[in-house]
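For reference, the chains in residue letters:
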Amino acid sequence: MLDSNGKEVDKSVLAGKTIGIYFSAHWCPPCRQFTPILKSVYEAYKNSNMNSKLSIVFVSGDRSQSEMTAYMKEAHGNWPGVSPGSSLQQSLNTT
């Protein structure tokens, strides 16, 4: 998993949390409409008393890691992303 700067995120940040898996891509118009809404809801939840219990993991359907990180910087909350073409992304897409 990567952050919006393309740096590796340790999976331990997800330990003990409820994880929402968000499949999206910058090239997808409905995704680009929904992502700011999800970000807003996530940030409101993050600022509530339950903020440490939820994490969102973005599973990218973008064509490259650079497209993924640009999309994350543009519209996402502060959540990690699974790189397009990675074995984890491919596994999650077929499950």
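Residues numbered from 1 in each chain as written. Predicted model: local features only at pLDDT ≥ 70, side-chain atom pairs only at ≥ 80, totals over all residues. Heavy atoms only, no water.

Draft legend 1. Examining the packing of aromatic side chains more closely. Per the counting criterion, the structure on display carries 4 aromatic pairs. Here the aromatic rings of Tyr22 and Phe34 are separated by 5.8 Å at their centres, their planes lie at 55 degrees, and the arrangement is tilted. With Tyr22 in strand 1 (residues 18-24) and Phe34 in helix 1 (residues 29-46), the pair connects residues that are 12 residues apart, well separated along the chain. By relative accessible area, Tyr22 is classed as buried at 9%. The structure contains a cluster of three or more aromatic residues connected by ring pairs, namely Tyr22, Phe34, Phe58 and Tyr71. (Phe/Tyr/Trp six-rings, centres within 6.5 Å; stacked < 30°, edge-to-face > 60°. Helix = DSSP H or I, 4+ residues; strand = E, 2+ residues; numbered from the N terminus. Buried < 20%, exposed > 50% of the residue type's maximum accessible area, 1.4 Å probe, protein only.)

Draft legend 2. Seen up close, the confidence of the model for the protein chain. Per-residue pLDDT for the protein chain averages 89, and the proportion of residues at 70 or more is 95%. When pLDDT is averaged over each element of the protein chain, strand 3 (residues 81-82) comes out on top at 94 and helix 3 (residues 87-94) at the bottom at 86. (pLDDT = per-residue confidence, 0-100.)

Draft legend 3. Looking closely at the sheet that holds strand 2 (residues 54-60). Reading across the sheet, the 3 strands line up as 1-2-3 and stay open at both edges, with parallel pairing between neighbours. Single-partner strands in this sheet number two, and they are strand 1 and strand 3. In the sheet, strand 2 pairs with strand 3 via 2 bridges, with the strands oriented parallel. When the sheet's bridge partners are listed, Phe58 is paired in strand 3 with Gly81. Lying over the sheet, helix 3 contacts strand 1, strand 2 and strand 3, oriented at roughly 95 degrees with respect to strand 2. (Pairing = 2+ DSSP bridges. Contact = heavy atoms within 4.5 Å. Axes fitted to C-alpha atoms, helices over the stretch in contact; angles between N-to-C directions.)

Draft legend 4. Examining the layout of surface pockets more closely. Taken as a whole, the largest pocket spans an internal volume of roughly 240 Å³. If you trace the largest pocket, you find 18 residues lining it, with Tyr42, Ile56, Asn78, Trp79 and Pro80 closest to the centre. Of all the secondary-structure elements, those providing two or more residues to the lining of the largest pocket are helix 1 and strand 2. No other element matches the 3 residues that strand 2 contributes to the lining of the largest pocket. For the lining of the largest pocket, the residue count by class is 9 nonpolar, 6 polar and 3 charged. (1 Å grid on protein atoms, 1.4 Å probe; cavity = no way out; pocket = protein on both sides within 12 Å on 5 of 7 lines; lining within 4 Å. Points joined across faces, edges and corners; volume = space filled by probe spheres on them. Nonpolar A, V, L, I, M, F, W, Y, C, P; charged D, E, K, R; others polar.)

Draft legend 5. The arrangement of helix 1 in detail. Its 18 residues place the ends of helix 1 26 Å apart at the C-alpha level, agreeing with the 26 Å of an ideal helix rising 1.5 Å per residue. When we look at burial in helix 1, the residues that qualify are Cys31, Thr35, Leu38 and Tyr42. Tucked inside the fold, the buried residues of helix 1 contact strand 1, strand 2 and helix 2 (65-75). (Expected span 1.5 Å × (residues − 1).)

Draft legend 6. Summary view of a nonpolar patch on the surface. A cluster of nonpolar side chains, contributed by Ile19, Ile21 and Phe23, occupies part of the molecular surface with about 270 Å² of accessible area. The residue Phe23 is located in strand 1 in this model. (Patch = residues over 30% accessible without salt bridge, like charges linked within 9 Å, V, L, I, M, F, W, Y side chains within 5 Å. Areas by Shrake-Rupley, 256 points an atom, 1.4 Å probe, with all protein chains shown as cover. Salt bridge = Lys/Arg side-chain N within 4 Å of Asp/Glu carboxyl O.)

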